[in-house]
Amino acid sequence: MGIKRIGILTSGGDCAGLNAAIRSVVLHATKDFGWEVIGIRRATQGLMERPIDYMYLNSKTVEDVLVKGGTFLGTTNRGNPFKFPMPDGSVSDRSVDIAEGYELLNLDALIGIGGDGSLAILNRLATEGKMNFVGIPKTIDNDVAVTERSIGFDTAVNIATEALDRLNFTAASHSRVMILEVMGRDAGHIALNAGIAGGAHIILIPEIPYHIDRVCRAVKARQARGHSFTVAIVSEAVCDAGGETVTKSEQFGECRLGGIGQALAQEIGEKTGAEARVTVLGHVQRGGIPSPLDRLLASAFGVAAVDLVAQGKFGQVVTWQNRQVVSVPIEEAIATYQAVAPNDALVKTARGLGICLGD
Ligand code: F6P
């Protein structure tokens with residue numbers, strides 16, 4: 001089919017590198033194929049609204065976005081179009097409005113940058129609404145299956161590592177247990193990667209249920225060896241041996257994780273006598289200047305996504321595998337999610353370094 005005009009949107013939680021991916025799509029699509037590129041604002045909501053909320057993109061509009069955090073198109077991680085929350089409190093299936101928006105804009109294809117949840121929704125919208133769709137994976141959680149890396153993960157790990165570097169000094173100066181709580185949902189990739197890189201003594205991840213007694217034993221063992229301080233990193237969704245996860249609250253009908261750091265500090269303090277303090281890194285992990293690796297990944301994914309559109313290969317997501325960009329059916333990418341495997345090289349590394357994983 002002859003492609004003349006494509007749309008691009010970002011969906012789900014923001015992260016560093018989204019703008020770099022948009023830029024890559026725009027540069028390759030306009031320079032090498034002469035296509036028009038339309039940026040849809042605020043994920044699928046821009047296509048749902050009337051008038052449609054969009055902007056034309058060209059090399060000028062993306063001139064200065066490579067290093068910028070967030071997404072200049074805006075995004076949302078709420079408002080599933082199949083169960084869209086209406087002002088009267090009811091939910092409505094707005095998927096047809098999105099397919100209609102695609103038609104009204106005369107789009108020949110749509111590129112969507114999103115995590116596993118967004119890719120699943122976008123893929124269903126595309127299938128039911130007969131839209132030509134290609135996906136690009138992004139998420140600080142790095143839990144999209146079939147890709148070794150998603151956009152935003154490296155920057156988040158860098159930020160968490162830097163936080164640990166800083167906390168190490170304060171922990172040592174004050175002889176404290178310093179706990180860093182990080183994001184990642186049900187996957188412990190951020191905690192595991194940053195924990196090793198940042199020299200944490202304790203790393204707790206959702207994939208390995210922890211026993212509080214073993215965590216406290218690790219603190220006491222360090223004390224006994226003459227180390228006055230301990231640094232721990234804990235993933236927001238870790239659960240104890242009884243399978244309990246500490247959830248913070250429910251907001252907009254969705255569960256918000258958080259609070260495990262504080263709960264751990266309390267228990268560690270009571271059981272070891274150490275002064276334990278918590279830092280919750282929160283959305284700091286998602287913002288900021290993308291790392292060079294995220295810029296490279298975003299650029300490679302953007303170019304590859306445009307090439308897939310040019311070849312008419314739709315329903316695919318671009319992935320990073322063994323230093324290659326490989327396209328995979330979206331169905332395959334959303335069928336499972338990428339957790340930390342028990343035999344992961346970094347799990348073995350952590351154990352080899354004597355880091356307590358709580359089990
Ligand atoms: O999926 C990315 C992520 O940052 C998770 O790590 C975290 O649990 C969640 O989003 C937070 O979402 P929100 O920005 O809605 O609080």
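Just so you know, these numbers come straight off a predicted model, no measurement behind them. (Residues numbered from 1 in each chain as written. Predicted model: local features only at pLDDT ≥ 70, side-chain atom pairs only at ≥ 80, totals over all residues. Heavy atoms only, no water.)

In this section: the overall build of the chain. What the chain contains, in helices and strands, is 11 helices and 15 strands. Computed over its C-alpha atoms, the radius of gyration of the chain comes to 22 Å, within 12% of the 21 Å expected for a compact globule of 359 residues. Out of the 359 residues in the chain, the part that is buried amounts to 53%. Across the chain, contacts joining residues at least 24 apart in sequence account for 72% of those joining residues at least 6 apart. Summed over its atoms, the accessible surface of the chain is roughly 15,400 Å², and 51% of this surface lies on carbon and sulfur atoms. (Helix = DSSP H or I, 4+ residues; strand = E, 2+ residues; numbered from the N terminus. Rg over C-alpha atoms; globule rule 2.2 N^0.38 Å. Buried < 20%, exposed > 50% of the residue type's maximum accessible area, 1.4 Å probe, protein only. Contact = heavy atoms within 4.5 Å. Areas by Shrake-Rupley, 256 points an atom, 1.4 Å probe, with all protein chains shown as cover.)

What follows covers helix α9 (residues 292–310). With 19 residues, α9 ought to run about 27 Å at 1.5 Å a step, and its terminal C-alpha atoms sit 27 Å apart, in line with that. Burial in α9 covers these residues: Asp-294, Leu-297, Ala-298, Phe-301, Gly-302, Ala-304, Ala-305, Val-306, Leu-308 and Val-309. (Expected span 1.5 Å × (residues − 1).)

All right, on to the packing of helix α7 (residues 212–224) against helix α8 (residues 260–272) then. As a packed pair, α7 and α8 sit with axes 10 Å apart at the nearest point and diverge in direction by 55°. For the element pair α7 / α8, the angle class is oblique. Between α7 and α8 the crossing geometry is right-handed. Across the interface between the two elements, Ile-212, Asp-213, Val-215, Cys-216, Val-219, Lys-220 and Gln-223 of α7 pack against Leu-264, Glu-267, Ile-268, Lys-271 and Thr-272 of α8. Here the contact of α7 with α8 is built from residues that sort into 6 nonpolar, 2 polar and 4 charged. (Axes fitted to C-alpha atoms, helices over the stretch in contact; angles between N-to-C directions. Parallel < 35°, antiparallel > 145°, perpendicular 65-115°, else oblique. Left-handed = near helix turned anticlockwise from the far one by under 90°. Nonpolar A, V, L, I, M, F, W, Y, C, P; charged D, E, K, R; others polar.)

Moving on, we come to the domain arrangement of the chain. Taken domain by domain, the chain comprises domain 1 (5–151 + 290–321) and domain 2 (156–286 + 342–352). Placing the centre of domain 1 and that of domain 2 at their C-alpha centroids yields a distance of 33 Å. Every contact between the two is made by 11 residues of domain 1 and, on the other side, 13 residues of domain 2. Roughly 970 Å² is buried in total at the junction of domain 1 and domain 2, and carbon and sulfur atoms are behind 50% of that figure. A per-residue breakdown of the area domain 1 buries against domain 2 is headed by Arg-78, Ile-140 and Asp-141, which together make up 56% of the total. Seen at the junction of domain 1 and domain 2, the total is 1 salt bridge. A salt bridge links Asp-14 to Arg-286, with the nearest nitrogen and oxygen atoms 2.9 Å apart. For the pair domain 1 and domain 2, the number of links is 2 residue pairs in polar contact (both at pLDDT 80 or more). (Domains from an automatic or database assignment. Buried area = accessible area lost by both parts, 1.4 Å probe. Salt bridge = Lys/Arg side-chain N within 4 Å of Asp/Glu carboxyl O. Polar contact = N/O pair within 3.5 Å; in protein donor to acceptor, adjacent residues only side chain to side chain.)

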